[in-house]
Amino acid sequence: VVLVLMALPVAVVAGCIYYLRHIKSDWVVDARGNGDVKSLAQAMTSARTGATIHVRPGRYEESLVMARPLTIQGIGDAAEIIVAAPGPCVTITAGTGAISGLTFIGGTDSDHSPGGACVEIAGASTVSLTGTVIRNAAGTGLRIGEDAAPVVRGNRIEQISGPAIVIQDRATGTITANAITAGGAPGVLIRDAAAPLVTENRIDSAIQAGILVTGES
């Protein structure tokens with residue numbers, strides 16, 4: 001009887017872990033502790049592949065890596081759901097997935113070396129990035145590289161010290177209906193052998209070209 005009673009807590013814990021990693025499909029992140037977890041990174045690590053992560057308003061100071069298909073959705077006004085980091089706010093290599101309704105602020109550390117990107121999409125990712133706000137005082141807003149082919153639609157990319165969007169390597173994808181406020185660099189820089197579809201974007205305050213194509217593109 002004693003052995004059985006001792007085994008019960010172990011079985012319960014194992015069952016909980018299995019449920020979280022393999023069955024639970026919806027997670028709520030709340031910086032104030034009123035959700036499943038307080039950290040976006042924790043939710044992205046714990047959630048099963050294909051899960052949806054709902055993010056409540058708050059400031060999340062963490063650098064994220066999205067390496068598996070997930071759907072990350074802000075709840076409410078994107079301006080009140082802030083992911084801030086000195087370097088990349090999020091690096092996306094997942095083959096599929098979606099991020100919407102968040103504000104990403106890069107370059108929060110004044111000592112951060114310039115030239116980095118706030119949001120990085122690489123690998124062969126076809127992720128969808130919609131309804132976000134991207135800011136980076138220390139470099140590029142969004143960089144798309146390698147063989148990535150994302151859909152970037154309806155975002156605001158502003159307060160950028162470098163190019164707002166860089167598409168490079170062999171990247172393709174669709175960049176459409178975004179509001180881009182460029183700084184001292186092109187609004188959209190297409191280089192190497194990249195071949196994206198860039199259409200119906202609004203590009204303001206570009207000291208250089210609104211769209212600059214270089215290399216073999």
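Residues numbered from 1 in each chain as written. Predicted model: local features only at pLDDT ≥ 70, side-chain atom pairs only at ≥ 80, totals over all residues. Heavy atoms only, no water.

Chemist: Help me understand the pattern of salt bridges, please; the structure alone is not making it clear to me.
Modeler: When charged atoms on two side chains of opposite charge get close, those side chains can pair. Under the criterion given, the structure shown has 8 salt bridges. Two residues, Arg135 and Glu158, come together in a salt bridge whose shortest N-O distance is 2.8 Å. Separated by 23 residues along the polypeptide, Arg135 in strand β12 (residues 133-136) and Glu158 in strand β15 (residues 156-160) bring together distant segments of the chain. On the basis of relative accessible area, Arg135 is assigned to the partly exposed category, the value being 23%. Notably, a salt bridge pairs Asp147 with Arg170, separated by 2.8 Å at the nearest N-O pair. Taken together, the residues Asp147 in the loop between β13 (139-144) and β14 (151-153) and Arg170 in the loop between β16 (165-167) and β17 (174-176) connect sequence positions 23 residues apart. Each member of the salt-bridge network shares a partner with another, and the members are Arg135, Arg156 and Glu158. (Salt bridge = Lys/Arg side-chain N within 4 Å of Asp/Glu carboxyl O. Helix = DSSP H or I, 4+ residues; strand = E, 2+ residues; numbered from the N terminus. Buried < 20%, exposed > 50% of the residue type's maximum accessible area, 1.4 Å probe, protein only.)

Chemist: What exactly am I supposed to notice about the sheet that holds strand β8 (residues 98-100) here?
Modeler: Backbone-to-backbone hydrogen bonds join strands into a sheet, with any given pair of strands oriented parallel or antiparallel. A sheet is described by the order of its strands in space; here 8 strands give the open sequence β1-β2-β5-β8-β11-β14-β17-β20, paired in parallel fashion. In this open sheet, the two strands that pair with only one neighbour each are β1 (26-29) and β20 (197-199). Averaged over all pairs of adjacent strands, the angle between strand axes in this sheet comes to 10 degrees, irrespective of strand direction. Relative to β20, β17 runs parallel, the two sharing 3 bridges. The residue bridging Ile175 from the neighbouring strand is Val198, located in β20. (Pairing = 2+ DSSP bridges. Axes fitted to C-alpha atoms, helices over the stretch in contact; angles between N-to-C directions.)

Chemist: Where do I start with the pairing of strand β6 (residues 81-84) in this structure?
Modeler: Remember that side chains alternate between the two faces of the sheet whenever the strand is regular. By the alternation rule, side chains of β6 split into Ile81 and Val83 and Ile82 and Ala84, which are all buried. Pairing of strand β3 (residues 58-61) with β6, which is carried by 4 bridges, proceeds in the parallel orientation. Bridge pairing in β6 links Gly58 to Ile81. Of the strand pairs in this sheet, β6 and strand β9 (residues 103-106) are connected by 3 bridges, and their pairing is parallel.

Chemist: When you look at the nonpolar core in this model, what are you seeing that I'm missing?
Modeler: One recurring pattern in soluble globular proteins is that nonpolar side chains are buried together. Ranked by size, the top nonpolar core spans 46 residues in total, and within it Ile53, Phe104 and Val119 carry the most contacts. Setting aside anything within four residues of it in sequence, one finds Val119 in contact with Val90, Ile92, Phe104, Leu129, Ile134, Gly141, Leu142 and Arg143. (Core = buried A, V, L, I, M, F, W, Y, C linked by side-chain atoms within 4.5 Å. Contact = heavy atoms within 4.5 Å.)

Chemist: Even after reading the chapter, I still don't get the side chain of Gln168, so can you show me in this structure?
Modeler: In this structure, Gln168 sits in the loop between β16 and β17. We classify Gln168 as buried; its relative accessible area is 14%. With residues up to four places along the chain from it excluded, the contact list for Gln168 reads Arg143, Ile144, Gly145, Glu146, Arg191, Asp192 and Ala194.

Chemist: How should the sheet that holds strand β7 (residues 90-92) be read in this particular structure?
Modeler: Spatially, β4-β7-β10-β13-β16-β19-β22 is the arrangement adopted by the 7 strands of the open sheet, whose pairing is parallel. Only two strands of the sheet have a single partner each, and these edge strands are β4 (64-66) and β22 (211-213). Direction aside, the axes of adjacent strands within the sheet are offset by 20 degrees on average. Pairing geometry for strand β19 (residues 188-190) and β22, over 3 bridges, is parallel. By the bridge assignment, Ile190 is partnered in β22 with Val213.

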